[in-house]
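Fold and contact review
Here's the letter readout for the chains.
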Amino acid sequence: MALEIRFLGHSGFVFGDGRHAVVIDPFLTGNPVAKTKPEEVKCDAVVLTHGHEDHVGDAWAIARRNKATVYACHEITLMEEGSGVETIGMNPGGRVNTAWGWVAFTQAFHSSSHSGRYMGNPCGVVLNLGGKTVYHCGDTGIFGDMKLLGEIYRPDVACVPIGDRYTMGPELATRAAEMIGAKVAIPIHYKTFPVLAQDASGFCPKGIEVKELVPGESWRLG
Ligand code: NI
Ligand code: MN
């Protein structure tokens, strides 16, 4: 099986196996680098790493239009309680089997709020789809258990924030990607805004292929 990986810009992705599609952190409206309109996104599920506006983005509108299930930290799911959108509330350590594979939540060292409201734990997400496993770190600082998460989930691909200031910068992200040990690392959460790192040149984990994607670009993992 194969996995189609489409980068939406910032931390957003659409992962597809040809039959199902899963969106993570679809921040499109107000995203200066996004090339995709929320109406163009087709998916079965939306997964959110945390509550910040540059991650929740257009998630609820996309979920509503696609009748997609939203997987997010419990507190985030309460945002739309009673609105008719199907939600699955989760927290770090939890894994849920789905029609297309499974989704697990990990810890992330960050914060999580939306419009000033507490949104529970910030998380990383591990996704299994199309016979492949992706570890999307969310927004996070470095932590030693990234090595353990790599051993547990054996991800094929890691999506690692490198933009600095709110997350790891390129140097720490390099060490993080080496700890996770996925063969391929995709840099995320950079270049979107002037305060973030503007290129991925300092992200150079040893023995790992760095796959830099531009917003709107797709890449197929065979
Ligand atoms: Ni954040
Ligand atoms: Mn962010």
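The coordinates are above.
An account of the accompanying structure is given in this report.

Definitions and limits used
Residues numbered from 1 in each chain as written. Chains lettered and ligands numbered in written order. Predicted model: local features only at pLDDT ≥ 70, side-chain atom pairs only at ≥ 80, totals over all residues. Heavy atoms only, no water. Helix = DSSP H or I, 4+ residues; strand = E, 2+ residues; numbered from the N terminus. Rg over C-alpha atoms; globule rule 2.2 N^0.38 Å. Buried < 20%, exposed > 50% of the residue type's maximum accessible area, 1.4 Å probe, protein only. Contact = heavy atoms within 4.5 Å. Areas by Shrake-Rupley, 256 points an atom, 1.4 Å probe, with all protein chains shown as cover. Lys, Arg positive; Asp, Glu negative; His and termini not counted. Charge placed at Lys NZ, Arg CZ, Asp CG, Glu CD. Donors = N, O, S within 2.8 Å, 3.2 Å for Na, K, Ca; no water. Tetrahedral: all angles 85-135°; square planar, octahedral: opposite > 155°, others 65-115°.

Remarks on the overall build of the chain
The helix and strand tally for the chain stands at five helices and 16 strands. Computed over C-alpha atoms, the radius of gyration of the chain comes to 16 Å, within 12% of the 17 Å expected from 2.2 N^0.38 for 222 residues, which places it in the range of a compact globule. Taken along the three principal axes of its C-alpha coordinates, the chain extends 45 × 40 × 35 Å. The proportion of buried residues among the 222 residues of the chain is 57%. Sequence-distant contacts in the chain: of pairs separated by 6 or more residues, those separated by 24 or more amount to 59%. When the accessible surface of the chain is summed, it comes to about 9400 Å², and 50% of that surface belongs to carbon and sulfur atoms. For the chain, the distance from the average position of its 20 positive side-chain charges to the average position of its 24 negative side-chain charges is 5 Å.

Considering the coordination of the nickel ion (ligand 1)
Protein ligation of the nickel ion (ligand 1) involves His 50 (NE2), His 52 (ND1), His 110 (NE2) and Asp 139 (OD), the donor distances falling in the range 2.2 to 2.3 Å. For the nickel ion (ligand 1), the four donor atoms in the first shell make angles of 89 to 178° at the metal, a pattern classed as irregular. Along the chain, the residues donating to the nickel ion (ligand 1) fall in the pattern H-x1-H-x57-H-x28-D. Between the nickel ion (ligand 1) and the manganese ion (ligand 2), a spacing of 3.1 Å is present, and a bridge between the two is formed by Asp 139. Of this pair, His 52 sits in the loop between strand E4 (45-47) and helix H1 (53-56) while Asp 139 sits in the loop between strand E12 (132-136) and helix H4 (146-153), and the two are 87 residues apart along the sequence. In this pair, the class of His 52 matches that of Asp 139, namely buried.

By themselves, these figures tell us nothing about what the structure is for.
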